[in-house]
Amino acid sequence: MDIATSFSVLNNSHDAIVDAINKLDEKIAPPSLLLLYFSEDYDYDVLQLTLTKYYPNTPFLACSSCQGFMTEDGYINGQGIALWAINDIVGAYGTSIVSSNGSIFNIARQAILKAINNSGRLGESPTLILLHATPGNEEEVIRGIEDVVGKNITIIGGSAADDHVNNKWKIFNQEQQTQQGIGIAVFYPNCEISFSFHSGYAATSYSAIATKVQGREIIELDHQPAADVYQKWIKQRFEANSSIINESSLNPLGRLVGEIHDLPYFKLAHPLMVTKTNGLKMFASIIEGERLYFMTGTDERLITRAGRVVTSTNGIELNPIGGLTIYCAGCMLKVQKRMEEVALFVKIAMHDKPFVCPFTFGEQGQFVTGENAHGNLMISAVVFHRD
């Protein structure tokens, strides 16, 4: 069993994907599964057709990434495409894309069933599920997947992204492509896997109950306009209907998940903007009645945390073949000038083995307590390793 990556920064879509394919073919036998991450300026049709031509018998899943990606070769800033491949003649793999045109719960059920069917392991739950949905309703997507396979199967993933939150994201596989839907890859690997899902933030003394919520907008905190409360906590004033993604990236809102060794851990929600009604539009859904904690982070935590998340998948016993890491685009943009350091920390934690890491608009993972969750400003990792 082998894992390999390649990338290209050529501008022309056909030249770039062929360049990446040629580099990959020098490293690994025909893949059992391919993953493709790419920036928004590439022609999706060309990427899809070329991959299908070169690998007619290989399932693949492709997802757009915000302003670059990371591999074991470092941080690639701006335009580029990356390939991740696994060759596993004993294992089984399958992918699916389903467009959103109805109940998200039912569409998620269709997507996971289709991916399992395409893997040839119908009736058998996968070891790992990779989720790349377009932004919005990720919590409902997880619920639909778990309705089919149960809550014990690890889900790792990241929501499709573009460069500037302009709805230019895309997901596709060998059969279909969409700008609004769900992409899934299922893994039945012939090796052990380990995983981790964390943030690099700590709770402050400020918290409030979400007393009025509509969709992904928090209207009131402790019966006060949510934006007023948040602006008091962060000690800044924001204009209505303007993005506060950068300003809020070190101060998301956290939901308490549980405790490990008496230490609390959280899933995060990233404030997107102040609304006309003085509410807060979020990148994750909030449940009315939840207590939200004002979180704080630092550049240093964001830079070192990704490596620590990889290490925590299996501690000092880690013996990787390769892995996947998901890193929040909001975190990346906050420390963009130091992303080479982030890539180096992950490379060291991965023992110099191949990995790929897109920058996403929402992250999915499984906490150590076994709960699959969607959050923002999070880091998710899975490592494939020898016994």
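Residues numbered from 1 in each chain as written. Predicted model: local features only at pLDDT ≥ 70, side-chain atom pairs only at ≥ 80, totals over all residues. Heavy atoms only, no water.

S.K.: Is there a simple way to explain the overall build of the protein in this structure?
M.R.: A tally of regular secondary structure across the protein gives 9 helices and 26 strands. Against the globule reference of 21 Å for 387 residues, the protein gives a C-alpha radius of gyration of 20 Å, in line with a compact fold. About 15100 Å² of surface is accessible on the protein, with carbon and sulfur atoms providing 47% of the total. Taking the 29 positively charged and 41 negatively charged side chains of the protein as two groups, their mean positions are separated by 5 Å. (Helix = DSSP H or I, 4+ residues; strand = E, 2+ residues; numbered from the N terminus. Rg over C-alpha atoms; globule rule 2.2 N^0.38 Å. Areas by Shrake-Rupley, 256 points an atom, 1.4 Å probe, with all protein chains shown as cover. Lys, Arg positive; Asp, Glu negative; His and termini not counted. Charge placed at Lys NZ, Arg CZ, Asp CG, Glu CD.)

S.K.: Just checking my understanding: could you explain the nonpolar core for this structure?
M.R.: When a protein is soluble and globular, its nonpolar side chains tend to lie buried together. In terms of nonpolar packing, the biggest core is built from 69 residues, with Met70, Trp84, Phe187, Tyr327, Met339, Phe359 and Phe384 touching the most fellow members. Ranked by residue count, the leading element in this core is strand 26 (residues 378–385), at 6 residues. For this core, the two domains that each supply at least three residues are domain 1 (2–198 + 301–385) and domain 2 (202–296). Beyond its immediate stretch of four places on either side in the chain, Phe187 contacts Leu33, Trp84, Ala92, Tyr93, Pro126, Thr127, Leu128, Leu130, Leu324 and Phe384. (Core = buried A, V, L, I, M, F, W, Y, C linked by side-chain atoms within 4.5 Å. Buried < 20%, exposed > 50% of the residue type's maximum accessible area, 1.4 Å probe, protein only. Domains from an automatic or database assignment. Contact = heavy atoms within 4.5 Å.)

S.K.: Even after reading the chapter, I still don't get the layout of surface pockets, so can you show me in this structure?
M.R.: Any empty space left between the atoms is revealed when a probe the size of a water molecule rolls over them. Approximately 470 Å³ is the volume attributed to the largest pocket. Lining the largest pocket are 21 residues, with His198, Ser199, Pro264, Tyr265 and Arg305 positioned closest to its centre. Mapped onto the lining of the largest pocket, the elements with two or more residues apiece are strand 13 (192–199), strand 14 (202–214), strand 18 (263–269) and helix 7 (299–312). The biggest single contributor to the lining of the largest pocket is strand 13, with 5 residues. Residues that form the lining of the largest pocket fall into these classes: 12 nonpolar, 6 polar and 3 charged. Split by domain, the lining of the largest pocket shows at least three residues from each of two domains, domain 1 (2–198 + 301–385) and domain 2 (202–296). (1 Å grid on protein atoms, 1.4 Å probe; cavity = no way out; pocket = protein on both sides within 12 Å on 5 of 7 lines; lining within 4 Å. Points joined across faces, edges and corners; volume = space filled by probe spheres on them. Nonpolar A, V, L, I, M, F, W, Y, C, P; charged D, E, K, R; others polar.)

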